[in-house]
Amino acid sequence: MLLRKLSLLLVLLCGTVALNASTILIPMDDKQTDHLKAYGIAYWVLDNQIDAWWLLNYRGGSFAFTHSRAFERECLTRGVKYEVIPDAKFNAILEDISNPEKNMDAMRLEKAPKVAVYTPEFNFREGTKVQPWDDAVTLVLTYAEIPYETVYDDEVLGDKLAEYDWLHLHHEDFTGQFGRFYRSFHTAPWYRRQVAYQEEIAERNGYEKVSQLKLDVVKKVREFVGGGGFMFAMCSATDSYDIALAADGVDICAQYYDGDPIDPQAQSKLDFSKTFAFENFKLQRNPLEYEFSSIDHNPRRVSQKQDYFTLFDFSAKWDPVPTMLTQNHTRTVKGFMGQTTAFRKEHIKSSVLILGENKPAQEARYIHGNYGEGFFSFYAGHDPADYRHLVNDPETDLSLHPMSPGYRLILNNILFPAAKKKKRKT
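Residues numbered from 1 in each chain as written. Predicted model: local features only at pLDDT ≥ 70, side-chain atom pairs only at ≥ 80, totals over all residues. Heavy atoms only, no water.

(A) Summary view of the overall build of the chain. Looking only at helices and strands, the chain has 14 helices and 15 strands in total. Against the globule reference of 22 Å for 426 residues, the chain gives a C-alpha radius of gyration of 22 Å, in line with a compact fold. Taken along its principal axes, the extent of the C-alpha atoms in the chain is 70 × 50 × 40 Å. Across the 426 residues that make up the chain, the buried fraction comes to 57%. Sequence-distant contacts, at least 24 apart, represent 77% of the contacts inside the chain between residues at least 6 apart. Summing over all exposed atoms, the chain offers an accessible surface of approximately 18100 Å²; the carbon and sulfur share of this is 52%. (Helix = DSSP H or I, 4+ residues; strand = E, 2+ residues; numbered from the N terminus. Rg over C-alpha atoms; globule rule 2.2 N^0.38 Å. Buried < 20%, exposed > 50% of the residue type's maximum accessible area, 1.4 Å probe, protein only. Contact = heavy atoms within 4.5 Å. Areas by Shrake-Rupley, 256 points an atom, 1.4 Å probe, with all protein chains shown as cover.)

(B) Molecular detail of the sheet that holds strand 2 (residues 52–56). Taken in spatial order, the five strands line up as 4-1-3-2-5 in an open sheet, and their pairing is antiparallel. This sheet does not close on itself; its edge strands, each paired only once, are strand 4 (83–86) and strand 5 (105–109). Between one strand axis and the next, the sheet turns through 30° on average, direction left out of account. Here four bridges tie strand 1 (residues 22–26) to strand 4, and the two strands are oriented antiparallel to one another. Bridging from a neighbouring strand, Thr 23 pairs with Ile 85 of strand 4. Here helix 2 (residues 35–47) sits on the sheet in contact with strand 1, strand 2, strand 3 (62–66) and strand 5, set at roughly 30° to strand 3. (Pairing = 2+ DSSP bridges. Axes fitted to C-alpha atoms, helices over the stretch in contact; angles between N-to-C directions.)

(C) Geometry of the packing of helix 5 (residues 136–144) against helix 14 (residues 405–415). Across the interface, helix 5 lies against helix 14 with an axial gap of 10 Å and an inter-helix angle of 75°. Comparing their axes, helix 14 and helix 5 come out roughly perpendicular. The residues of helix 14 that touch helix 5, namely those facing Ala 136, Val 137, Leu 139, Val 140 and Leu 141, are Tyr 407, Ile 410, Leu 411 and Ile 414. (Parallel < 35°, antiparallel > 145°, perpendicular 65-115°, else oblique.)

(D) Up close: the environment of Pro 132. Take Pro 132: it is sitting in the loop between strand 6 (115–118) and helix 5. Taking the C-alpha atoms as reference points, Pro 132 and Phe 378, separated by 246 residues in sequence, lie 22 Å from one another. Pro 132 has contacts with Trp 190, Val 391 and Asn 392, leaving out every residue within four places of it along the chain.

(E) Representation of helix 10 (residues 236–246) within the structure. Burial analysis of helix 10 places eleven of its eleven residues in the buried class, which makes it a mostly covered element. Listed as buried for helix 10 are Ser 236, Ala 237, Thr 238, Asp 239, Ser 240, Tyr 241, Asp 242, Ile 243, Ala 244, Leu 245 and Ala 246. Where the residues of helix 10 are buried, they touch strand 8 (166–169), helix 9 (210–226), strand 9 (230–234), helix 12 (266–269), strand 12 (343–344) and strand 15 (374–379).

(F) View of the environment of Leu 411. Along the chain, the position of Leu 411 falls in helix 14. For Leu 411, a relative accessible area of 0% gives the class buried. For the pair Leu 411 and Asp 29, spaced 382 residues apart in the sequence, the C-alpha separation amounts to 15 Å. Other than its neighbours up to four places away in sequence, Leu 411 contacts Leu 36, Tyr 39, Val 140 and Ile 146.

(G) Seen up close, the environment of Ser 377. Here Ser 377 lies in strand 15. Note on Ser 377: relative accessible area 0%, which makes it buried. A C-alpha to C-alpha distance of 11 Å links Ser 377 and Leu 169, two positions 208 residues apart in sequence.

(H) Seen up close, the pattern of salt bridges. Inspection of every chain in the model, using the stated rule, returns 25 salt bridges. Across the pair Asp 51 and Arg 108 runs a salt bridge whose closest N-O atoms are separated by 3.7 Å. One end of the pair, Asp 51, is in the loop between helix 2 and strand 2; the other, Arg 108, is in strand 5, with 57 residues separating them in the sequence. Under the relative-accessibility criterion, Arg 108 is labelled partly exposed at 31%. For Asp 154, the salt bridge is made with Arg 204, and the minimal N-O distance between the two is 2.5 Å. Linking Asp 154 in helix 6 (residues 153–157) with Arg 204 in helix 8 (residues 189–204), this pair joins segments that are 50 residues apart in sequence. (Salt bridge = Lys/Arg side-chain N within 4 Å of Asp/Glu carboxyl O.)

(I) A look at the layout of surface pockets. Approximately 660 Å³ is the volume found for the largest pocket. In this structure, the largest pocket is lined by 28 residues; those nearest its centre are Tyr 290, Met 337, Gly 338, Gln 339 and Arg 388. Residue composition of the lining of the largest pocket, grouped by class: ten nonpolar, eleven polar and seven charged. (1 Å grid on protein atoms, 1.4 Å probe; cavity = no way out; pocket = protein on both sides within 12 Å on 5 of 7 lines; lining within 4 Å. Points joined across faces, edges and corners; volume = space filled by probe spheres on them. Nonpolar A, V, L, I, M, F, W, Y, C, P; charged D, E, K, R; others polar.)

(J) Spotlight on the side chain of Asp 34. Here Asp 34 is to be found in the loop between strand 1 and helix 2. The side chain of Asp 34 is buried and forms no salt bridge, while Lys 37, the nearest opposite charge, is found at 5.5 Å. In this structure the side chain of Asp 34 is engaged in a polar contact, spanning 2.5 Å, whose partner is the side chain of Tyr 143. When neighbours within four sequence positions are excluded, Asp 34 is seen to be in contact with Gly 79, Val 80, Tyr 143 and Pro 402. (Lys, Arg positive; Asp, Glu negative; His and termini not counted. Polar contact = N/O pair within 3.5 Å; in protein donor to acceptor, adjacent residues only side chain to side chain.)

What follows is the structure, encoded as structure tokens:
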């Protein structure tokens, strides 16, 4: 591995000298042929110990880095549009970006973050997936060729999160209610496998209930974020995470899920001071309803044709963090459904930034905040390229959606930890 990296470095140096100090610019506006793979190129450059620039609000949030033949070949191989420009022209771009009248900024990317995805392994007895659905983050990481490792309860409880910079919470129910799929799927083989799998992990780690296991998992994730980690969650992993924190020490699971009744005083015992993003929500008391709480905006009065959310414009120079997280070639993103489709604004804490909203519906789709020394982002919905992704539906083919603005938001979060930190001014 060391020899390979040294060889690549030699190629980079030779290529740079041969082309008399030029720069590769990867435009991220509507001229880009594959937005998603472009993030993979940026990550690959960082992974080879070469710094890159993220040009916030310049042509859709373009990337730039020192030219080499190796990097140029990689762009060609992955089908990513790029431009080779003299350093003088690139310096002129940087000068233009620095103009205080322009809402742009140049963010230096220094280190490829080590990525972990919290997701169950394959069922070792039957060789089939425990969960019969895909995950948008693992799909886009694979498509963009960004490496990641998987962790689950054993690794989290074993303090393995300290080895990573970035953690994604897969479609998950952290309340121990197995996704509240009981009414529709309790006889389905996949549901029974999932319950048995979770109960086996709980027993192996000394817990009587899955809900107790998951509570300690969310606490470990909280430690990871508080210590400076970055956590990204989608769909039911967002609200169920906060519900589990609020319900610390309170039984909110009906007998269908843990063998005994819910605490009749559960609602009044919730502690919203422990949550990351949500407060003052009401638990869904009917255990057969496919819903955890009032956080999720359900029922919604938004038709598929009208289901869009708008990304906020932030000041790139004064608020670089939310600006990075909302980089896109459009400010309007088509909505998509999930077990958790949208967040009711009335339940979002005032300390949390709303990055994307459907204002007429009074709902947020994309939010961000900090906890301790770290950060979190919650993104509602299941699959940005599939409006209503159902159980057992086939995986999305991202080669058909290379310009997906909804998937770009996921990849913004991947590169965010690579940025040289600037103190936020608001």
